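Residue strings, one per chain:
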Amino acid sequence: MTVISLARGVPTPDLLPIPAIREASARALNAQAATVLAYGPGGGYPPLREALAARHGVDPQRILVVNGSLQGVAFIAEHLRRAGQAHVALEAPTYDRALKNFADRDFRITSVPLEADGIDVEALAEAETPDLLYTIPTFHNPAGCTLSPPKRRRLAELARERDLLIFEDDPYRLLRFEGDQVPALHDLAPERVVWSTSFTKTVAPGLRVGYLIVPEPLVDGLTALAVDTYISPSFLPEAIVTDLLGSGVFEASVELARKALAERLGVMCDALDEHLPEARYVRPQGGYFLWLQLPEGTEAGAVHAAAERHGVAFVPGTEFFLDGGERHLRLAFSGVQQEQIGEAVRRLSAAVTDAGG
């Protein structure tokens, strides 16, 4: 039996602009091979930094291009650790790789509950102020929820009042299926927010191009970390992204992904309603993931073991908590073709039954 995977948050190959990437690569090599195949500034390929700065209305020096946005998480964690600032607040649940980055550096971690409309800001306000809040406010990974506008404004106020640094991980922002766009936390408190995104979810994972918009006081320290880590990032993929941004291919790629993902989510929700009506979820307005709560008395670990026998994969909720998530699953609707989703959910339902749900 071929396993259907709902585990990986990746786009399927049909969503990748492969011909455009091939052509952009050829143009970059034909026009400036000596530049894009050499070392360069640690902050990234200068034309890409300038293009991104123009899009966001910031100084190019505040743009730090990194090898995927997770590299940015690692950089901010290491920068703070070296400065003796090793207390981070994380949403519960949170992105498992970010959790690992902070835990592996022995950060003191405060878990803040996540609600249907995002992080519990008042619980954060009542807690000891951390050195950093790491948050995924838009189409959360794994929970799929989006921080409401009132909570965004309150969080921006709190950041100013408490001198709180926020790492806003925002790779899914452009992949909205319904509802109105909301301001980024960076828009509300740019001096207190490191804003992070990636072309992994909107162009291609293998390019490994993400970037940060960094408050000015952090620019030198984070850039020095980049230089110490890899001298300079890889300029060829960054030149490809620059080309795609200038040609309009990027916007077309986003639109293709947005439409396909919206359709896949609709099929998944219909299948869950049919095959697992006793499970609960909040339908996300965009992004890659659906967060499923299993029926009372059913544990994700048991379902995960049964799912192997039934040929379906997912990530159990316990991966996204320091402590908790025993009744939750993260289902990625991004990395599976639409026609496979119904069968995947049917297999998942059989696994839940086998696990005693």
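Coordinates for the structure precede this section.
The rules behind these values
Residues numbered from 1 in each chain as written. Predicted model: local features only at pLDDT ≥ 70, side-chain atom pairs only at ≥ 80, totals over all residues. Heavy atoms only, no water. Helix = DSSP H or I, 4+ residues; strand = E, 2+ residues; numbered from the N terminus. 1 Å grid on protein atoms, 1.4 Å probe; cavity = no way out; pocket = protein on both sides within 12 Å on 5 of 7 lines; lining within 4 Å. Points joined across faces, edges and corners; volume = space filled by probe spheres on them. Nonpolar A, V, L, I, M, F, W, Y, C, P; charged D, E, K, R; others polar. Disulfide = S-S within 2.5 Å. Buried < 20%, exposed > 50% of the residue type's maximum accessible area, 1.4 Å probe, protein only. Phe/Tyr/Trp six-rings, centres within 6.5 Å; stacked < 30°, edge-to-face > 60°.

Undergrad: Tell me what's going on with the environment of Lys 259, and back it up with residues and numbers.
TA: Take Lys 259: it is sitting in helix H10 (residues 249-275). Lys 259 sits 84 residues away from Leu 175 along the chain, and the two C-alpha atoms are 8.7 Å apart.

Undergrad: Summarise empty space enclosed by the protein; cite the residues concerned and give the values.
TA: Under the counting rule described, the total for this entry stands at one cavity of 30 Å³ or more. Put simply, the largest cavity is a space of about 30 Å³. Taken together, Arg 49, Gln 61, Ile 63, Leu 64, Val 214, Val 219, Leu 222 and Thr 223 form the lining of the largest cavity. Counting only elements with at least two residues in the lining of the largest cavity, the list comes to strand S2 (63-66) and helix H8 (219-230). A total of three residues in the lining of the largest cavity trace back to one element, the largest contributor, which is H8. Partitioned by chemical class, the residues of the lining of the largest cavity number five nonpolar, two polar and one charged.

Undergrad: Which residues make up the state of the cysteines, and what values go with them?
TA: In the structure shown here, the tally under the stated rule is zero disulfides. Counting only cysteine sulfurs, Cys 269 is the nearest neighbor of Cys 145, a cysteine outside any disulfide, at a range of 15 Å. Since its relative accessible area comes to 9%, Cys 145 is described here as buried. Given a relative accessible area of 2%, Cys 269 falls into the buried group.

Undergrad: Residue-level account of the packing of aromatic side chains, with values.
TA: Applying the stated criterion to the full structure yields 14 aromatic pairs. Ring centres of Tyr 172 and Tyr 288 lie 5.6 Å apart, and the angle between their planes is 55 degrees; this geometry places the pair in the tilted category. Here Tyr 288 lies in the loop between strand S10 (280-281) and strand S11 (289-293) and Tyr 172 lies in the loop between strand S7 (165-169) and helix H7 (185-188), a separation of 116 residues in the sequence. Among the residues examined, Tyr 172 registers a relative accessible area of 4% and is labelled buried. When its relative accessible area of 1% is taken as the criterion, Tyr 288 is described as buried. An aromatic cluster of three or more residues is present, and its members are Phe 102, Phe 107, Tyr 134 and Phe 167.

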